[in-house]
Amino acid sequence: MGIVIWGGFIVLILLLLMLDLGVLNRESHVLSTREALFRTGIWVGVALIFNVFVYFAYEYHLFGIGETIGLAMSGREAAAVFFTGYLIEESLSVDNIFVIAIIFSYFKVPAQYQHRVLFWGILGAIVFRGIMIVIGTALIENVSWITYVFGGLLIYSAVNILLNREEDIEPTKNPAFRIVKFFIPVAPEYDGDRFFTRINGVRAATPIFVVLMIIESTDIMFALDSIPAIFAVTTDPFIVFSSNIFAILGLRSMYFVLASSLDKFRYLKTSLVFVLAFVGIKMLLLHHYKIDTSISMSVILGILGVGVVASLLANRRDLQRQAHTPGPDLAEPEAQAEPSDTPA
């Protein structure tokens, strides 16, 4: 039964990806903000519908879920855990979006090809995160002190995000970039949305393939944050994997929503620092004090809400300052009277 439910879930994800690439994105085009918002809403809706399935599956042990698959918990608790894990992964994905935007800008990837790169990046992320979740679950079940390592890693990541600046990121120093250039020639120009082309009869990688490899490698680094973070909420492999994957599926559309307006949410990245720190502390306390899932969900929502509201208020304050700042005096200076030669 375990093979059936896991196989069924993977088939569901593949069908959703095929629908996205084969129907919604049959031809490469620039995704407008309105279209990206609509698709983001669809992916969020699909995740919430699946959360309803999680509730009934754990409440009534459908397909053995909650008995032979996953941990024993009520439907309400399972649904809350899934949503909290989904929320954590979505919030941490914002930092991923910052880096992806820098990579696309650095390599000057045409807007109409960016969705294709993100699509194939998602496929790689599903595979790598599945492997990391299996390894992480095995470590937590067999090495009790690993939770302290995960907690420390999350707090270190929070400090690292706080201290590092986006302008310090140099994509050409990424190991993936050097590996690709070592094994295969790289074409100097794009060839449509192709990953490979030919130069004088020699097969070569296009810049889009290089960008894809860099994004894949950076996603692995981000997974070192997000996977331990969700383990602080639950060690149920089915909920960990499904909530993580559904959050990743919406990452592409969310990128096109936020990429053009990242400067409007200046404090959102600071919120991520506090989210990581909170989850890290929760992981460190796991063997001593268990923070209820509903409390964790409320704290994370509160932190993100403060970041969004603070950003909007700051934007409003800047607009008010600009409105009250006097502009340059464009009036012509008055002509000064020339001294008269006539004696007084």
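Preceding this section is the structure that the text describes.
Residues numbered from 1 in each chain as written. Predicted model: local features only at pLDDT ≥ 70, side-chain atom pairs only at ≥ 80, totals over all residues. Heavy atoms only, no water.

Asks: Outline the packing of aromatic side chains, supporting the account with residue identities and numerical values.
Replies: Each aromatic ring pair is specified by the distance between its two centres and by the angle formed by the two planes. Throughout the structure, instances matching the rule amount to 20 aromatic pairs. Ring centres of F50 and F53 lie 5.5 Å apart, and the angle between their planes is 45°; this geometry places the pair in the tilted category. You can see F50 and its partner F53 sitting in helix α2 (residues 33-60), 3 residues apart, about one turn around the helix. The buried category is assigned to F50, whose relative accessible area is 9%. The class for F53 is partly exposed, based on a relative accessible area of 26%. Taken together, a centroid distance of 5.7 Å and an interplanar angle of 45° make the contact between F50 and F82 tilted. (Phe/Tyr/Trp six-rings, centres within 6.5 Å; stacked < 30°, edge-to-face > 60°. Helix = DSSP H or I, 4+ residues; strand = E, 2+ residues; numbered from the N terminus. Buried < 20%, exposed > 50% of the residue type's maximum accessible area, 1.4 Å probe, protein only.)

Asks: Can you break down the layout of surface pockets residue by residue, with the values?
Replies: Of the pockets and cavities examined, the second largest pocket occupies roughly 420 Å³. Around the second largest pocket sit 19 residues that line it, and E90, V94, M254, L258 and L304 are the ones nearest its centre. Listing elements by their share of the lining of the second largest pocket, those giving two or more residues are α2, α3 (75-106), α9 (251-258), α10 (268-284) and α11 (293-324). If one sorts the elements of the lining of the second largest pocket by residue count, α3 sits on top with 6 residues. (1 Å grid on protein atoms, 1.4 Å probe; cavity = no way out; pocket = protein on both sides within 12 Å on 5 of 7 lines; lining within 4 Å. Points joined across faces, edges and corners; volume = space filled by probe spheres on them.)

Asks: Could you give an account of the nonpolar core, naming the residues involved and the relevant values?
Replies: Of all hydrophobic cores here, the largest spans 96 residues; its most connected members are Y58, F104, F246 and L249. Here this core takes 15 residues from α3, the largest share from any one element. Discounting chain neighbours no more than four positions away, the residues touching F104 are V109, Q114, V117, L118, V211, I215 and Y255. (Core = buried A, V, L, I, M, F, W, Y, C linked by side-chain atoms within 4.5 Å. Contact = heavy atoms within 4.5 Å.)

By themselves these figures say nothing about function.
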